[in-house]
Amino acid sequence: MDNCSAASTYLTDSLELELGTEWCKPPCFSCAFDNRGGGKHFSGESYLASGALKRLILNLDPLPTNFEEDTVEIFGIQWVTETALVNSSRVLFHLFRQQLYNLETLLPASCDFGKISTLHCKADNIRQQCVTFLHYVKVFIVRFLTVQNTENHGPVHPYEVLEAQLPSLLVDELHGLLLYIGHLSELPSINPGAFISQNQIQLFPPSWHLLHLHLDIHWLVLEILQMLGVKLKHVVYGHQFMNLAGDNLTNVSLFEEHCENLLCDLISLSLNRYDKVRAFEALTSDHCPCPCIKELWVLLIHLLDQRSKWSLSEPFWNWLNKLLKTLFETSSEQRRPVPAIQSRDPLGFSWWIITHVASLYQFDRHGAPDEMRQMESNWNFVEELLKRSINVQDGILEEQLRMYLHCCLTLCDFWEPNITIVTILWEYYSKNLSSSFSISWLPLKGLTNIIKSPLSMLEMVKTCCCDKQDYDLCKSRSSYTIFLCILAKVVKKAMKNNSPHPWKQVKGRIYSKFHQKRMEELTVVGLQNFFNLFLLLAAVAEVEDVASRVLDLLNFLKPTLKTSPLIWKGQAAFLLMYTQKNVDIGVLAEKFSDAFQAKAREFLVSKNDEMGQRQTLWTLLSIYIDGVQEVFETSQCLHPSHEKLLNDGFSMLLPACQEPELRTVLHFLQAVLARIRNMHQQLCQELRKENVDLVVQSSLSARERHLAAVASALWRHFFSFLKGQRMSQAVPSSQLADAAADFTLLAMDMPSTAPSDLQPQPVKAMIQLFGWDDIICPLVAAKYLSHFLQNSMLCEALSYSGCVSFQALTIRSWIRCILQMYIKSLSLPDDLLIDINLEQAVEKEYMEQLSELTRLLFKLSEVKNIFSEAQVEYLPTPEDPKRALIQFLEAVGITYRNLQKPSDKSAMVKKSLEYLGEILKYIKPYLGKKISSAGLQLTYRMMGILVKSWAQIFATSEAQKLLFRIIDCLLLPHSVLLQEKELPAPLLTAIQKSLPLYLQHLKRSVGCLLAR
């Protein structure tokens, strides 16, 4: 069967006849097909897949390889193929009705698993006989029925007399058959499921076969009437019913009456399903109980639209619209079709059925989906539905409106753009712009009146502009948002046709509704809906025109709304949209940055006790900061106007920030610095390309100037603040170091942009300020130097700049960071630290940073050489920075002892003292009035190990002075000489524990010590 249907799909009538006379099973409705792959929509036996519909439309032989023999078996009896219908039509139709009755008698039988096989075979056999007969009628009309010549007045053969009466007889019999079977909606309900036998064969109950046979009869009657009209080319009157009942029955009137009744039946079946569907699930719930019902819809669409092309009947949509309109009539109005169709929700059902039926237009004559197929629209009726849907007098429920508009949006996807529906909807929403369009019982996620950021506003607009929308749109979006989706879909489709007129129409309609009074009436929700609307218009049409209009309209807002955060979010969203469309942000940037500068000045002069005012100002400022960050991160290239976004407002804002606020600003700074460097690297790659023409070269040079201008603005407005906070505890140390490191990288990439006080070597100057200077907070120095050592390009740049001692300076800073790890504990009472592990007295973040710095430091060539010359096989583990420092000091001492040449020894002493720097200044805070047990123990232990390991170094004249200072400072402090005053217990403990380290290795200096 499948091979036969495939051939009939693609071969002409004559070619099919040449294939042979093998009997092909006639097409019929069947939903018993394997669709586990999901690719098939209809059975291979269907009227679509078998090519039967195509043959009907093209007026071809319906079954070119069937009924070729001289005789044919119908209802178990042999008949002469070419004369049976003329000679015995009434008998054949009587037998047909008898078989129908036999099938109906099987319905009451019990369908348990033991009997289902027998019942299925009986019912299937009856159905095949009935279907074969109706197909025989079709073939007879096409092949054997002769059109009588009315002008022939000679003798007429009795067969010709019967043949001339056959068309009228067929009309009468078909009408009688339709009366006999009644309506689809009157059939008993069936279970669409099937029993499965051991051989994986589907077995269906008699009720299933009866339903599908009724479907076959309804469709084949239409086919027969269509073929009869095409063959005879004149109206055929039914004699029996005209004579007895007085009805003017013809093949045309019967076709139209049957079409109307059949569509009523299909609508009734759909109504039964709609009554069980919730509004939010409307578009995901199929309107057809099985694929055969869907196929019948598709067949009717093709047949009626084909007949309308030859003015034989109205197009399909007109038929459906006429019946749906009766749903809105009252009992006293026009007559209802038979059977009467009623709905508890005629408006919702009309939307639902039209949307589902419209989707069936995608199927071609073979039942295959064709996305390129022109889909006939039904906008006139939908416009009427839309007007009913927003009729305020009838009361509008948001839940229902969402479903209606979701249907409308789906239709916009199917059909050509329609500006009228936008106009109708805008009339409603323009009057209700300040409504929230929410549903009280829906969870919070369904509310769309909470906009967190400018980016989320843009994301919402992007969602509205998507070609495909989610099926749960009714739950996740308000009806107003769905209206925006419709607006975007219509405008985009219209503009795709290169026609500016629809956009001008839409723009005129929308702009005309906004005037001073309307803007003054807006609430916060209304303002948000206002921004959503204009952002969407900007996204699909002329962004500059729309943004200009928005700026003008915002001047009309009432004073209480002019300071709303929503206005700042809206402006930031427009900035982002300009950036995404690669449009110069000049005008918007100037106005927005001026407002930011004014608020930053207010923030600077506001008092800390005015928390309400500060919080309000900070909300606005943070919106600006987040928005500008997004602008830089999404910009493909920078324009001169980007520099305007980085104005003096930041210089005023930074000193006024508290720690949480400062974190936000520094995060912004780091993001912008990273983006500038990334853009600069891309630009350098393009500039290095060969054979670049002058136009491109000029463009790249301009981009380079714009980058330099923005970089200079960052130095100007941010760096002086960072420089002044190197010793402060107010700024988060980690972020301060990160930002300083980013500025250092910027100085490496774009040295000319750095301020004059860092010239001529801005990289070296930056490292001196934030890494090597002894006054910097240890945590800042440790984090900063880690960044520095991680960047090989930065280290190379420093080497090439002539800074030969940068490794020694870095080692000195590392030693200082370890010795000062307990500086913060000086602010805590010492008794709190008694039961705490020494490492616990140091912040976890600082210990991790020291470990990282140690790991990186031990990769320096100078450190590696020291351990190598000291013949230390394994480098210390960086997880314990104190142990690593001990091993490093010991390695330096061993290296010195291993040297032979006096010149090498002298150079090593000099280098060693360079490592230590002003080491006594590093430990001085521990020796003051504020006592830290952990700090004192670390100091005395490390200095003791230093004296022990470097005994020979300290014996030299260059280092001896430092040794005496260490002894004076640590072992002979002024308080030791005051016998009447006891030493603090922590100090005494630290001296006692470390004293052996000092005394064992002072032999060379004993004379000086005794003299002391």
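The model shown is predicted, which means the values in this text are computed figures rather than measured ones. (Residues numbered from 1 in each chain as written. Predicted model: local features only at pLDDT ≥ 70, side-chain atom pairs only at ≥ 80, totals over all residues. Heavy atoms only, no water.)

Visitor: Looking at this structure, I do not really get the overall build of the protein. What am I missing?
Guide: Secondary structure assignment for the protein yields 45 helices and four strands. Looking at the protein alone, contacts between residues at least 24 apart form 76% of all its contacts between residues at least 6 apart. Accessible surface, the protein as shown: approximately 46,400 Å² in total, 52% of it carbon and sulfur. (Helix = DSSP H or I, 4+ residues; strand = E, 2+ residues; numbered from the N terminus. Contact = heavy atoms within 4.5 Å. Areas by Shrake-Rupley, 256 points an atom, 1.4 Å probe, with all protein chains shown as cover.)

Visitor: Would you take a moment to explain the pattern of salt bridges for this structure?
Guide: As a working rule, side chains carrying opposite charge can pair if their charged atoms are close by. Counting across every chain of the model gives 29 salt bridges. For the salt bridge of R127 with D216, the shortest nitrogen-to-oxygen distance reads 2.7 Å. Placement of the pair is R127 in helix α5 (residues 116-143) and D216 in helix α7 (residues 206-232), with a sequence separation of 89 residues. Grouping residues by exposure puts R127 and D216 together as buried. Through salt bridges with shared partners, a single ionic network connects D61, E68 and R143. (Salt bridge = Lys/Arg side-chain N within 4 Å of Asp/Glu carboxyl O. Buried < 20%, exposed > 50% of the residue type's maximum accessible area, 1.4 Å probe, protein only.)

Visitor: How should the confidence of the model for the protein be read in this particular structure?
Guide: Per-residue pLDDT for the protein has a mean of 85; in total, 87% of the residues score no lower than 70. The low-confidence segment residues 830-836 (pLDDT under 50) makes eight contacts with residues lying over four places distant or belonging to another chain. (pLDDT = per-residue confidence, 0-100.)

Visitor: Explain the nonpolar core to me, please; I cannot follow it from the model alone.
Guide: Here is a general trend for soluble globular proteins: nonpolar side chains tend to be buried in one another's company. Formed by 338 residues in total, the largest nonpolar core has its most connected members in W297 and F530. Top element by residues in this core is α7. It accounts for 15 residues. (Core = buried A, V, L, I, M, F, W, Y, C linked by side-chain atoms within 4.5 Å.)

Visitor: Sorry if this is basic, but what is going on with unusual backbone geometry here?
Guide: Where the residue is not glycine, phi is negative for most of them; where a peptide bond is considered, it is trans in most cases. A cis amide bond links Q759 to the next residue, P760, at an omega of 5 degrees. For P760, the position within the fold is in the loop between α30 (733-749) and α31 (762-772). The phi dihedral of K233 falls on the positive side, at around 60 degrees, and the residue is not glycine. Within the secondary structure layout, K233 lies in the loop between α7 and α8 (239-244). The backbone of S311 shows a phi angle near 60 degrees, a positive value even though the residue is not glycine.

Visitor: Any chance you could explain the packing of aromatic side chains here in plain terms?
Guide: Each aromatic ring pair is summarised here by two numbers: the centre-to-centre distance and the angle between the ring planes. A complete count under the given rule lists 55 aromatic pairs for this structure. Measuring from ring centre to ring centre gives 6.4 Å for F316 and Y361, while their planes differ by 65 degrees; the resulting arrangement is edge-to-face. In this pair, F316 is assigned in helix α11 (residues 316-325) and Y361 in the loop between α12 (346-359) and α13 (379-389), connecting sequence segments 45 residues apart. Aromatic pair F530 and F534: ring centres 4.7 Å apart, planes at 45 degrees, arrangement tilted. Within this pair, F530 and its partner F534 are both found in helix α21 (residues 524-540), separated by four residues, close to a single helical turn. Residues F530 and F534 agree in their burial class; the two are buried. By way of ring pairs, the aromatic residues W426, Y428, Y429, F437, Y480, F483, Y511, F514, F530, F531 and F534 are connected into one cluster. (Phe/Tyr/Trp six-rings, centres within 6.5 Å; stacked < 30°, edge-to-face > 60°.)

Visitor: Just to check I follow, could you spell out a nonpolar patch on the surface for this structure?
Guide: Together, V235, Y237 and V252 line one region of the surface with nonpolar side chains, adding up to about 220 Å² of accessible area. Looking at the element boundaries, V252 is found in helix α9 (residues 251-274). Taking relative accessible area as the criterion, V252 reaches 32% and is therefore assigned partly exposed. (Patch = residues over 30% accessible without salt bridge, like charges linked within 9 Å, V, L, I, M, F, W, Y side chains within 5 Å.)

Visitor: How should the pairing of strand β2 (residues 77-80) be read in this particular structure?
Guide: Pairing geometry for strand β1 (residues 71-74) and β2, over four bridges, is antiparallel. Bridged to E73 within β2 is Q78. The turn joining β1 and β2, which pair antiparallel and follow one another in sequence, is formed by two residues; a positive phi near 55 degrees is taken by F75. (Pairing = 2+ DSSP bridges.)

Visitor: I would appreciate a short explanation of the packing of α9 against α12 in the present structure.
Guide: The relative placement of two packed helices comes down to the angle between their axes together with the axis-to-axis distance. Where α9 meets α12, the closest approach of the two axes is 11 Å, and the angle between their N-to-C directions is 110 degrees. Taken together, the axes of α9 and α12 are roughly perpendicular relative to one another. Note on packing geometry: the crossing formed by α9 with α12 is right-handed. Residues I267, S270, L271, R273 and Y274 of α9 form the contact with α12, whose participating residues are G348, F349, W352 and I353. Looking at side-chain class alone, the contact of α9 with α12 contains six nonpolar, two polar and one charged residues. (Axes fitted to C-alpha atoms, helices over the stretch in contact; angles between N-to-C directions. Parallel < 35°, antiparallel > 145°, perpendicular 65-115°, else oblique. Left-handed = near helix turned anticlockwise from the far one by under 90°. Nonpolar A, V, L, I, M, F, W, Y, C, P; charged D, E, K, R; others polar.)

Visitor: I tried to follow a positive patch on the surface on my own but got confused; where do I start?
Guide: Taken together, the side chains of K921, K924, K961 and R965 define a basic patch exposed on the protein surface. Residue position: K921 is located in helix α39 (residues 919-923). (Lys, Arg positive; Asp, Glu negative; His and termini not counted. Charge placed at Lys NZ, Arg CZ, Asp CG, Glu CD.)

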